[in-house]
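Descriptive structure summary
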Amino acid sequence: MEVHKHPHHITHKKNWGEYFLEFFMLFLAVFLGFVAENIRETSVENAREKEYINSIAEDLQQDINQLDSIVLKRTVKNMMMDSILYLLNSDPNQHGNDVYYYARWLPRTYRFYSNDRTFLQLNAGSWRLIHNNKVSDALLAYNGMVRTITVYIEQREESLVLLMYPSLDKLFDNRVFQKMLNGLSFDRPDGNPQLLSTDKTEINKFCNEIHFAQNANYYFLAQSKTLVTHARKSLDILKSEYHLSE
């Protein structure tokens, strides 16, 4: 009787080379996965950085347009202040038309409202996305200047304007002012309206109030010119460093 022997399963023992190969392949897979994820994150951050830069460039251009307008308006206001001071110290009732017209513009302030939508996002924790130190330094310096001039206008100019109102009440006829109103602007009054009082003490008080308001206007005019210059330089740096199109 023939007996069939079942073959035993032969177990293959791995040598150190095969273990090393398996380890290397596992390590390579993990490493490549890490590299791929890092590349993806870098690509995403670079895309977000470019979005922020384009947004900041738009904000800066809007700031520049606004500051150019403010410089022009404050220059005109300064000339009006010069004129009304001269007229009040000579013969105000002889030039009532000019005095009323210039006086009505005196309380008008020209505030600067920076387009800070992107700065607010960066300040919330995204400054790390701006990898160019030259750009981030310029933007941080500009943002600091914006805050300084904004706070100063609120605290200084607004308080000086409030001081004028009692003098305006004593010297000027509200009915003339009312007829001058034209939407958000003012027309010259008809004829040659007279002051309610020609008291030299009251007129001198009003002139002093105009003097201090004019001094503040000089400051804001100079600061606005400095700020718009810095805004233009910052925008030029952005365009140069990130190759932005015009």
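Residues numbered from 1 in each chain as written. Predicted model: local features only at pLDDT ≥ 70, side-chain atom pairs only at ≥ 80, totals over all residues. Heavy atoms only, no water.

The full count for this structure, using the stated rule, is eight aromatic pairs. When the centroid spacing of 5.6 Å and the interplanar angle of 20 degrees are considered together, the rings of Phe172 and Phe177 count as stacked. By the burial criterion, Phe172 is buried, and Phe177 matches it. One aromatic cluster in this structure is built from Tyr100, Phe172, Phe177 and Phe206. A cation over a ring is seen here: Arg104 above Phe177, with NZ or CZ 5.8 Å from the ring centre. Cation over ring: Arg188 sits above Tyr101, and NZ or CZ is 4.5 Å from the ring centre. (Phe/Tyr/Trp six-rings, centres within 6.5 Å; stacked < 30°, edge-to-face > 60°. Buried < 20%, exposed > 50% of the residue type's maximum accessible area, 1.4 Å probe, protein only. Lys NZ or Arg CZ within 6 Å of the ring centre and 35° of its normal.)

Looking now at unusual backbone geometry. Phi at His243 is positive, roughly 55 degrees, even though this residue is not glycine. Overall, His243 belongs to the exposed group, its relative accessible area being 69%.

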